[in-house]
Amino acid sequence: MPQIVPQSEILTIGDLPFDPRLTASSRPKIGTVFLRTPGLVTRTPLHATQRLAWIDALNEARLTNGEGPLAEADVEEEWAHSVDLLFNESGHVLIRPDPGAMALAFQADELLQQQLKISKRLIRFLNVANDRVRSALRARGECWRMSVVPLQQDEILAHIRASRVGIDGQPVYYYNQTTGTRYVTLQEFDGLQALPDHMLRKMLIEIKTFCARRNRLGNPEIDFFLSPPAFGHRNIEKLHFVALDNAELRQIHAELTAAFRAAVPIMLREDNPAQIEWRNQMMAALMSRPHETDAREIVQGLSPEFFLQIEWLPGARLEEGELLLDPIFTEAEAEPQDVELRNMCDLRAREFIFNYVREFGDIEYANIGRIGRSLSLRHDETRRNTVYIAEVKQSDNPVPVMRIIRLQKWGIAEHLNDGADLLTAILRAEEYTDYILDRRLGCRQLGMHLPPHVQTRRISERYTGQNNRYHGQIYWTTYLERDYVAGRASDKLPDAAYQNPEFNRRLASLLGEAAAINLLVGRMRNNTTTVLFDDGDEVVLLDANGLPALLAVSDHTGTFTNYEGDLSQDTAAYALPVNRRASRMPNVAEFAELYLASFLQRFEHIQQVYRERRRAFDSLFKHRPWDPGGSMAYRWFHVLKRLDASNPLQLADEIRRHIKLP
């Protein structure tokens, strides 16, 4: 890991944050970087006292040189040109920028990299819920530098543990890195009774003192967890702990503890990260910032469950027509053995950016994210299934364009790995591209709501797979790029939405229509009998009143997998959208009937349209190869034949038979 190297022109007060000679517990947790007179302070546990220590050090140096102390205006300038830092256990430096002074934050970023020799990959930014902070980082192609939100339970638990801090006494506080507020819980406050009299007095004075103070962001230095407004700083501000004798001190502490306890819900009085409600409440306190956007929605329009899965990668921006890739790509080239850095500087992301610049020419910036895991309920997809998201800002469009990029699952590399020669691999990959697009055309012909625009593009890569004959060969990877469908996945709608009967009525109608088309096109997981529906690809778009207005299928994966089987064999799977929601809505019986009615109406409509325009449907893929092994023309023929022979009313009754109402 890159280490801080002190420079002669930088004045450092306190220990260097990642000094290997220090134990993990003794390393500083916070720091302040100064830019008017370059320097770093890590001594003392508060940013406010670090700024005072900086002025003391400057004045001491001036007195040594025969100069007088700094004038008040100079002191204010030194403080105004400073930036708060935090140092976490994973070795990252977190910059906490003032949203109104982002240029200052980027100057601090440059100082840390150039003069303290901290690798850019180890520097992240807090306050990313703030619009101005987000926009400034996005415009530099640096979404990847936004501080990561803990996602998994082990990450959340680690974050809570790492947030424990002290000021001048015991580490009894939980620290919010974004706001700078330290939270004291009921359990920790109650636990002060175990301290000796002098330590109890010291801690109560500390809590009282810092409850009354605001940091440079305007937030309290200390606050009480879960108790305001019933219990807070007003309960403690008029007490004089210095004047109390020991018995009085303990009596007052006991009374404060009782008031604190009464203000906290019974189930949350114990600090228990294993309890999900306490854990969620604590994470909300540690990650939130009042009056700002949810930190998960760093790119506007992305649903929370989608955004949380994105690993942002180094991007690029254009200045005066010149493409400026993130300099960290150069760092990766200089350290080819650094696996972590090489993985971060994804060469595919760089190729995507080149394609955008070649196509548009007038982009301002591009951010590329890698989606590391499926958002659907299925997790065992085979072969390559890598998905990226691109945010591209064009100069003539005030809103960035969001695009989803999916690498073709069966490409040249996969066929080479299976032993094919290069020409055969190229031809098979091209045939598969046609097959994907033909399936999409078939879905649209039958009325499935898919993203309106899809394009096929290519990037070049160097082959490093299992076929030794072609090692080092340049080949082309095909990917499909489509519009991002803004909305909420149907299976991830919040429970609160289901309390509105009208919401449920509209959702039932949309799901019923989608179910009819999904059943008809035989959408299943490859090589299984598992139906794919209502599992993450169906996206619900809401109207201005928050009610379902449209349901779109973001990806047609698995369509035409079941093209010959009896549709009645799959009806149990189409009862699940009702059964899964049954306990969450007050009008589930009505929901079920509307769902079935909509299913029946849509299926009958498709059947009627086919019978009226049979020639247009039958001839759609006649120009494609006919292969009983599963060509699109063959599958299409059997899907239409099955459509014509099906009894929609019987299928709806079969689904009803599998619905289980409470």
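Above this text sits the structure in question.
All chains use their own residue numbering, which begins from 1 and follows the written sequence. Where totals are concerned, whole chains, interfaces and linings use all residues; where local detail is concerned, this predicted model gives features only for residues with pLDDT of at least 70, and gives and counts side-chain atom pairs only at 80 or more. Excluded from the side-chain calculation are hydrogens and water; included are all heavy atoms of the structure.

## Some remarks on the overall build of the protein chain
No. 1: Think of it this way: any DSSP run of H or I at least four residues long counts as a helix, any run of E at least two long counts as a strand, and we number them from the N terminus. Along its length, the protein chain carries 21 helices and 20 strands.
No. 2: Residues count as neighbours in contact if any of their non-hydrogen atoms are within 4.5 Å of one another. Residue pairs in contact within the protein chain that sit at least 24 positions apart in sequence constitute 67% of those at least 6 positions apart.
No. 3: Computed with the Shrake-Rupley method and a 1.4 Å probe, the accessible areas treat only the protein chains shown as cover for residues. With an accessible surface of roughly 30700 Å², the protein chain has 51% of that area assigned to carbon and sulfur atoms.
No. 4: By the counting scheme adopted, Arg and Lys are positive, Glu and Asp are negative, and His together with the chain ends is not counted. Think of each charge as sitting on NZ of Lys, CZ of Arg, CG of Asp or CD of Glu. Computing the positive centroid from 79 side-chain charges and the negative centroid from 89, the protein chain places the two 4 Å apart.

## Side note on the pairing of strand 12 (residues 322–325)
No. 1: One bridge is not enough; two strands pair if DSSP finds at least two bridges between them. The pairing of strand 11 (residues 310–319) with strand 12 spans 4 bridges and is classified as antiparallel. The residue of strand 12 that forms the bridge with Leu318 is Leu323.
No. 2: What sits between strand 11 and strand 12 in their antiparallel hairpin is a turn of 2 residues, with Glu320 showing a positive phi close to 55°.

## Digging into the packing of helix 7 (residues 197–211) against helix 8 (residues 246–263)
Working note: a packed helix pair is described by the angle between its axes plus the distance between those axes.
No. 1: Note on geometry: axes are C-alpha line fits, over the in-contact stretch for helices, and angles between N-to-C directions span 0 to 180 degrees. Contact pair helix 7 / helix 8: the axes reach a minimum separation of 10 Å and the direction vectors enclose 50°. One element, helix 7, and the other, helix 8, form an angle in the oblique class. For helix 7 against helix 8, the interelement crossing comes out left-handed. Residue-level inspection shows Asp197, Leu200, Arg201 and Leu204 of helix 7 in contact with helix 8, the latter providing Asn246, Leu249, Arg250 and His253.
No. 2: Charged residues are taken to be Asp, Glu, Lys and Arg, nonpolar residues to be Ala, Val, Leu, Ile, Met, Phe, Trp, Tyr, Cys and Pro, and polar residues to be all remaining types, Gly included. Classifying every residue of the contact of helix 7 with helix 8 gives 3 nonpolar, 2 polar and 3 charged. For this classification, under 35 degrees means roughly parallel, over 145 means roughly antiparallel, 65 to 115 means roughly perpendicular, and everything else is oblique. Working rule for handedness: look at the near helix, and if it is turned counterclockwise from the far one by less than a right angle, call the crossing left-handed; if clockwise, right-handed.

## So, the sheet that holds strand 17 (residues 474–483)
No. 1: The antiparallel open sheet is built from 7 strands, whose spatial order is 12-11-13-14-15-17-16. What marks the edges here is a single partner per strand, and that holds for strand 12 and strand 16 (454–462). Mean inter-strand twist for the sheet, computed between neighbouring axes without regard to direction, equals 25°.
No. 2: Packed onto the sheet, helix 13 (residues 347–359) meets strand 11, strand 12, strand 13 (363–371), strand 14 (387–394), strand 15 (401–407), strand 16 and strand 17 and runs at close to 130° relative to strand 16.
No. 3: Running at roughly 155° to strand 16, helix 15 (residues 422–445) makes contact with strand 16 and strand 17 of the sheet.

## A closer look at the environment of Lys238
No. 1: If you trace the backbone, Lys238 turns up in the loop between strand 10 (222–224) and helix 8.
No. 2: Exposed residues in this analysis have more than 50% of their type's maximum accessible area, buried residues have under 20%, and partly exposed residues fall in between, with area computed by a 1.4 Å probe over protein chains only. A residue is classified by how much of its surface remains accessible, and Lys238, at 69% relative accessible area, is exposed.
No. 3: Each C-alpha atom, one on Lys238 and one on Lys208, is 9.0 Å from the other, the two residues being 30 residues apart in sequence.

## Considering the pairing of strand 20 (residues 548–553)
No. 1: In terms of strand pairing, strand 19 (residues 538–542) meets strand 20 through 5 bridges, oriented antiparallel. Along strand 20, the bridge assignment pairs Glu538 with Val553.
No. 2: Where strand 19 hands over to strand 20, the hairpin turn is made up of 5 residues, of which Gly546 adopts a positive phi near 80°.

## Remarks on the pattern of salt bridges
No. 1: Throughout this description, the term salt bridge denotes a Lys or Arg side-chain nitrogen within 4 Å of a carboxyl oxygen of Asp or Glu. Per the counting criterion, the structure on display carries 48 salt bridges.
No. 2: Across the salt bridge formed by Glu188 and Arg164, the nearest N and O atoms sit 2.8 Å from each other. Here Glu188 is found in helix 6 (residues 186–191), whereas its partner Arg164 is found in strand 7 (residues 164–165), with 24 residues between them in sequence.
No. 3: For Glu188, a relative accessible area of 16% translates into the label buried.

## Some remarks on the packing of helix 18 (residues 588–612) against helix 21 (residues 648–658)
No. 1: Two elements in contact, helix 18 and helix 21, have axes whose closest approach is 9 Å; the angle formed by their N-to-C orientations is 155°. Judged by the inter-axis angle, helix 18 sits roughly antiparallel to helix 21. Pair helix 18 / helix 21 crosses with right-handed handedness. Each of Glu593, Tyr595, Leu596, Phe599, Leu600, Phe603, Glu604 and Gln607 in helix 18 lies in contact with helix 21, whose residues at this interface are Pro648, Leu649, Leu651, Ala652, Ile655 and Arg656.
No. 2: Classifying every residue of the contact of helix 18 with helix 21 by side-chain character gives 10 nonpolar, 1 polar and 3 charged.

## Concerning the nonpolar core
No. 1: Throughout this description, the term nonpolar core refers to a set of buried Ala, Val, Leu, Ile, Met, Phe, Trp, Tyr and Cys residues connected via side-chain atoms within 4.5 Å. Membership of the largest hydrophobic core comes to 63 residues, with the highest contact counts inside it found for Leu446, Tyr595, Phe599 and Trp636.
No. 2: Of all elements in the fold, only helix 15, helix 16 (501–520), strand 20, helix 18, helix 20 (632–645) and helix 21 reach the threshold of two or more residues within this core.
No. 3: In terms of nonpolar packing, the next biggest core, distinct from the first, is built from 44 residues, Phe189, Phe210, Phe224 and Trp278 among them.

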